[in-house]
Amino acid sequence: YVVANADEGEAGTYCDRMILEGDPFRLLEGMLICARAIGACRGYVYCRQEYPAAAATLRAAIHKADEAELLDIDGEPFPIEVVEGAGSYVCGEETALLESLEGKRGVVRARPPYPAQAGLCGRPTIVSNVLTFATIPQILSRGGAWHASLGTEQSRGTIALQLGGRVKHPGLVEVPFGLSLRQVLDQFGGGMAPGSRFKAVQVGGPLGSLFPAAGLDLPICYDAFAKAGAVLGHGGIVVYDHETDMVDLARHFMAFTADESCGKCTPCRIGSVRGREILERIQAGGGTVEDLALLDDLGETMKLASLCALGGRAPYPVLTAIQHFPVEFRSKLRP
């Protein structure tokens, strides 16, 4: 099987939606190329529930392509079906997505086996995101050398970035890997919104690390972000200004994880709830220095022992908020 992951649930991201609504045939062509390469017999697009217009546009595109007999591989039909999710964030994780496609509760699978070995209904399955499939036709059309000429040595090609938060010009841009966060925010975001002063930027959705002004010269590429203990995720960039309460923001992200955890593994299921409780205690003025140490210990456990990236990445926004804005946290601790 070939499965396109269109469950775009990261806060501040919408590039998949733009492709699905604006050029769905690029996605279909990429899926057909993948299917021919691996010998797949059927395709699925798992679409976010909150994207009804995108799902309808994609179904119409599939119908038109089928009428034109374009959904064929060597004379054999390659049916593609759109399946809408039910609002679960964790179903953006490939194995939970496959569980949901099979009509089960969206829970992360233990690996191995990996989906390429035993995926949907136990059959070999490729699960890739919309951007990956939509990029394939252009690479085959213009050549691998052209694609490799863009970006950096370790991060080839381009990345779609979605700018949001307190910037003057929010929006979607596609840039070669290697530009710094500062360049992107200044050149494409137009700098800070009127009346706002920069405080922090988060890249990679609600599981992404927070950077202060000192981190704005970090190049946007996979290796640089990995060295900084961060992730690019789906390219969402959210800018926070001087009015943001970092303790409240950290509590919000941990509460999000607690709400969205599938419950399969203990570190994520229990750790996120305990983390939220500690942050709520600090927020209310009842926290202690020991609570900050406990958050650090809890975060390391979640990083190392969680079954998927939801639990593994959940501590990063909290721990980086404490690291870069310690005064805000300590000012709310009990004497």
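Look up: the structure comes first, before these words.
The model shown is predicted, which means the values in this text are computed figures rather than measured ones.

Asker: Would you explain the pattern of salt bridges in this entry?
Answerer: Between side chains of opposite charge, a pair can form when the charged atoms approach closely. This model, assessed by the stated rule, comprises 20 salt bridges. Between E94 and R111 there is a salt bridge, and its shortest N-O distance comes to 3.4 Å. Pair noted here: E94 is in helix α4 (residues 94-101) and R111 is in the loop between α4 and β6 (126-129), with a separation of 17 residues, a long-range link. Residue class for R111 comes out partly exposed when judged on its relative accessible area of 30%.

Asker: Looking at this structure, how should I read the environment of V289?
Answerer: Inspection of the secondary structure assignment puts V289 in helix α11 (residues 289-305). Among the residues examined, V289 registers a relative accessible area of 47% and is labelled partly exposed. Separated by 35 residues in sequence, V289 and M254 place their C-alpha atoms 19 Å apart. When near neighbours in sequence (up to four residues on either side) are disregarded, V289 contacts R330 and L333.

Asker: Hey, could you run me through the sheet that holds strand β5 (residues 80-84) in this one?
Answerer: Sheets are built from strands paired through backbone hydrogen bonds, the pairs being either parallel or antiparallel. What the four strands build is an open sheet, ordered β5-β2-β1-β6; its pairing is parallel. The open sheet terminates on both sides in strands that have one partner only, identified here as β5 and β6. Averaged over all pairs of adjacent strands, the angle between their axes in this sheet comes to 20 degrees, without regard to strand direction.

Asker: Whenever I open this one, the packing of aromatic side chains confuses me. Can you help?
Answerer: Applying the stated criterion across every chain, the model contains four aromatic pairs. The interplanar angle of 55 degrees and the centroid separation of 6.1 Å between the aromatic rings of Y1 and Y44 together place this pair among those described as tilted. In this pair, Y1 is assigned in the segment before β1 (2-6) and Y44 in strand β2 (residues 43-47), connecting sequence segments 43 residues apart. Taking the centre distance of 5.8 Å and the plane angle of 75 degrees together, the rings of F211 and F225 count as edge-to-face. Residue F211 is located in strand β10 (residues 210-211), and its partner F225 is located in helix α8 (residues 222-227); the two are separated by 14 residues in the primary sequence. Exposure remark for F211: the relative accessible area of 8% places this residue in the buried category. Residue F225 is classed as buried on the basis of its relative accessible area, which comes to 1%. Above the face of the Y316 ring, K303 is positioned so that its terminal group lies 4.5 Å from the ring centre.

The rules behind each value
Just so you know, the residues in each chain are numbered from 1, in the order the chain's sequence is written. With pLDDT at 70 or above as the cut-off, local features in this predicted model cover only qualifying residues; side-chain atom pairs require 80 or more to be listed or tallied, and sums for whole chains, interfaces and linings still use all residues. Think of the side-chain values as coming from all heavy atoms in the structure, minus any hydrogens and water. For this analysis, a salt bridge means a side-chain nitrogen from Lys or Arg found within 4 Å of a carboxyl oxygen belonging to Asp or Glu. Helix numbering and strand numbering both begin at the N terminus, where a helix is a DSSP run of H or I of at least 4 residues and a strand a DSSP run of E of at least 2. For the exposure calls, accessible area comes from a 1.4 Å probe over protein chains only, and a residue counts as buried if that area is under 20% of its type's maximum, exposed if over 50%, partly exposed in between. In what follows, a contact means two residues having at least one pair of non-hydrogen atoms within 4.5 Å. Think of it this way: DSSP has to see at least two bridges between two strands before they count as a pair. A fitted line through C-alpha atoms represents every axis, and for helices the fit uses only the stretch in contact; the resulting angles, taken between N-to-C directions, go from 0 to 180 degrees. What counts as a ring pair is set by centres within 6.5 Å for rings of Phe, Tyr and Trp (its six-membered ring), and what kind of pair is set by the plane angle: stacked under 30 degrees, edge-to-face over 60, tilted for all other angles. In this analysis the charged atom, NZ for Lys or CZ for Arg, is taken to sit over a ring once it is within 6 Å of the ring centre and within 35 degrees of the ring normal.

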